[in-house]
Amino acid sequence: MLSAPPNDRPTRLAFLLLPQFSLMAFSAACEPLRAANQLSGKALYDWILVSADGEPVTSSSGLVSLVHHALADAPKVDLAVVCASFAPRAGATPNVLAWLRRLASHGTYLAGVDTGSEVLAAGGLLDGHRATVHWEHLDAFTTDFPKVEATQDLYVIDRRRFSAAGATACLDLMLYLIRSQHGPELATSVADWFIYSRIRPAEEAQRMPLRDRLAAGNPRLLQAVSLMEGAIEEPISTAELARRVGISTRELERLFQRWLRSTPSAYYRRMRLERARALLRQSDISITDVAVACGFGSIASFSRSYKTCYGHSPSAGRFGLR
């Protein structure tokens, strides 16, 4: 873990902003540091903003951020934080990866927040490390970077590599950093200041419980959807789902109509298509392999279903082109 610097100097950070970076993730990583400075009355942290070429960077929400440095003239820091986009590998250019590798060779701590872990992994900088990434990207991340021990944790600290799975997870990561360097009282004060009522442990689940996500309380329905989520590649028939949850097919169909306004088969197909869209946007595996991984028996049936759902072909949805 990154220790507090000697001689009362601040911990120095660089936030690397890549095109279409998540503004919420960046703010959740940066603002706790500002609050720690203000609440302690000391300059515990200072930071710079960096872009590949020193030019302003547009976030995913369309807001433009000025930066202090280009990669070529960025000063030495203790921790470099990669803030990436919904299509992170577009930002993993040779110059960016070379800069990150150079920092790593000098012992700098590296962090990937939200999808920034994918940029670090693309540079081989997470090989042999545990790391996390946003849940929507986890399947593609696991497939594309087998040398990384991917987890579903909110955040991970493994030697000189940090990762946070999403915007609010960045806040938890930074609160952990503040607590480790400057004690639990300051970390609690920062959390309280942001009306953040509970500092979550790293291993807490990223996603809401299924009951909350569906706004449904029927245990049979929740069990059926959970079975669906666990069987994307080899879908389970509606009749078999009903048998496994202990009700008739007709009753299962009634539950889906009542709570989800859908049939079981339509809900399941949409779930598999959403997984397919995520894989197309976030990985470079073939469209055929995406179809197989999402339980479609043929490219033709996959393409028809995908176009009906999203209005364009799977190839047009590659890497977030749509």
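Conventions adopted
Residues numbered from 1 in each chain as written. Predicted model: local features only at pLDDT ≥ 70, side-chain atom pairs only at ≥ 80, totals over all residues. Heavy atoms only, no water. Helix = DSSP H or I, 4+ residues; strand = E, 2+ residues; numbered from the N terminus. Rg over C-alpha atoms; globule rule 2.2 N^0.38 Å. Buried < 20%, exposed > 50% of the residue type's maximum accessible area, 1.4 Å probe, protein only. Pairing = 2+ DSSP bridges. Phe/Tyr/Trp six-rings, centres within 6.5 Å; stacked < 30°, edge-to-face > 60°. Lys NZ or Arg CZ within 6 Å of the ring centre and 35° of its normal. Salt bridge = Lys/Arg side-chain N within 4 Å of Asp/Glu carboxyl O. Right-handed = clockwise from strand over helix to strand, strands pointing away. Disulfide = S-S within 2.5 Å. Axes fitted to C-alpha atoms, helices over the stretch in contact; angles between N-to-C directions. Parallel < 35°, antiparallel > 145°, perpendicular 65-115°, else oblique. Contact = heavy atoms within 4.5 Å. Nonpolar A, V, L, I, M, F, W, Y, C, P; charged D, E, K, R; others polar.

Caption draft 1: Just the overall build of the protein chain, in detail. Tallying secondary structure elements over the protein chain gives 13 helices and 11 strands in all. At 22 Å, the protein chain has a C-alpha radius of gyration in line with the 20 Å of a compact globule built from 322 residues. For the protein chain, the spread of C-alpha atoms along the principal axes amounts to about 70 × 40 × 35 Å. Evaluated residue by residue, the protein chain yields a buried proportion of 50% over its 322 residues.

Caption draft 2: Structural detail: the sheet that holds strand S10 (residues 155–158). Taken in spatial order, the 7 strands make up an open sheet running S5-S2-S1-S6-S7-S11-S10, and their pairing is mixed. What marks the edges here is a single partner per strand, and that holds for strand S5 (69–70) and S10. With 4 bridges connecting them, strand S7 (residues 109–113) and strand S11 (residues 161–164) associate as parallel partners. Across the sheet, the residue bridging to Leu110 is Arg161, located in S11.

Caption draft 3: Quick peek at the packing of aromatic side chains. Enumeration according to the criterion identifies 10 aromatic pairs in this entry. Geometrically, the ring pair formed by Trp193 and Phe194 is tilted, given 6.2 Å between the ring centres and 50 degrees between the ring planes. Residue class for Trp193 comes out partly exposed when judged on its relative accessible area of 38%. You can call Phe194 partly exposed: its relative accessible area is 31%. With a centroid separation of 5.7 Å and 65 degrees between ring planes, the pair formed by Phe256 and Tyr267 is classed as edge-to-face. With Phe256 in helix H10 (residues 249–260) and Tyr267 in helix H11 (residues 264–282), this pair connects stretches of sequence that are 11 residues apart. A connected cluster of aromatic rings, assembled from ring pairs, spans Phe296, Phe302, Tyr306 and Tyr310. Residue placement shows Arg272 over the ring face of Tyr268; its charged tip is 5.6 Å from the ring centre. Note that Arg272 overlies the ring of Phe296, its terminal NZ or CZ placed 4.5 Å from the centroid.

Caption draft 4: Broad picture of the pattern of salt bridges. This model, assessed by the stated rule, comprises 11 salt bridges. Two residues, Arg9 and Asp78, come together in a salt bridge whose shortest N-O distance is 2.9 Å. Pair noted here: Arg9 is in the segment before strand S1 (11–17) and Asp78 is in the loop between S5 and strand S6 (79–83), with a separation of 69 residues, a long-range link. Two residues, Arg159 and Asp158, come together in a salt bridge whose shortest N-O distance is 2.8 Å. Among the charged side chains, a network of salt bridges with common partners joins Arg130, Glu149 and Asp153.

Caption draft 5: Inspection of the pairing of strand S2 (residues 45–51) at higher detail. Burial within S2 is extensive, with 5 of its 7 residues counted as buried. Note on the crossover from S1 through helix H1 (residues 23–40) to S2: the handedness is right-handed. Strand direction decides the pairing type here: S2 and S5, joined by 2 bridges, are parallel. Bridge pairing in S5 links Val50 to His69.

Caption draft 6: Quick look at the pairing of S11. The alternating pattern of S11 places Arg161 and Ser163 and Phe162 and Ala164 on opposite faces, both of which are buried. Sheet topology places S10 next to S11; 4 bridges connect them, and they run antiparallel. Along S11, the bridge assignment pairs Tyr155 with Ala164. Counted between consecutive antiparallel strands, the loop separating S10 from S11 contains 2 residues, among which Arg159 sits at a positive phi close to 55 degrees.

Caption draft 7: Region of interest: the state of the cysteines. Going through the model one piece at a time under the given rule, you end up with 0 disulfides. Free of any disulfide, Cys83 has its nearest cysteine sulfur in Cys170, 7.2 Å distant. Unpaired in this structure, Cys294 has its nearest cysteine sulfur neighbour in Cys309, at a distance of 12 Å.

Caption draft 8: Summary view of the packing of helix H9 (residues 238–245) against H10. Contact geometry of H9 with H10 gives a least axis separation of 8 Å together with a crossing angle of 95 degrees. Relative to H10, the element H9 is oriented roughly perpendicular. Contacts from Thr238, Ala239, Leu241 and Ala242 of H9 reach H10 at Thr249, Leu252 and Glu253. For the contact of H9 with H10, the class distribution of residues is 4 nonpolar, 2 polar and 1 charged.

Caption draft 9: Molecular detail of the environment of Cys170. Residue position: Cys170 is located in helix H5 (residues 167–182). Assessed through its relative accessible area of 1%, Cys170 is described here as buried. Spatially, the C-alpha atoms of Cys170 and Asp114 are 7.7 Å apart, while their sequence positions differ by 56 residues. Excluding its chain neighbours within four sequence positions, the residues that come into contact with Cys170 are Ala25, Ala28, Ala29, Val113 and Ala164.

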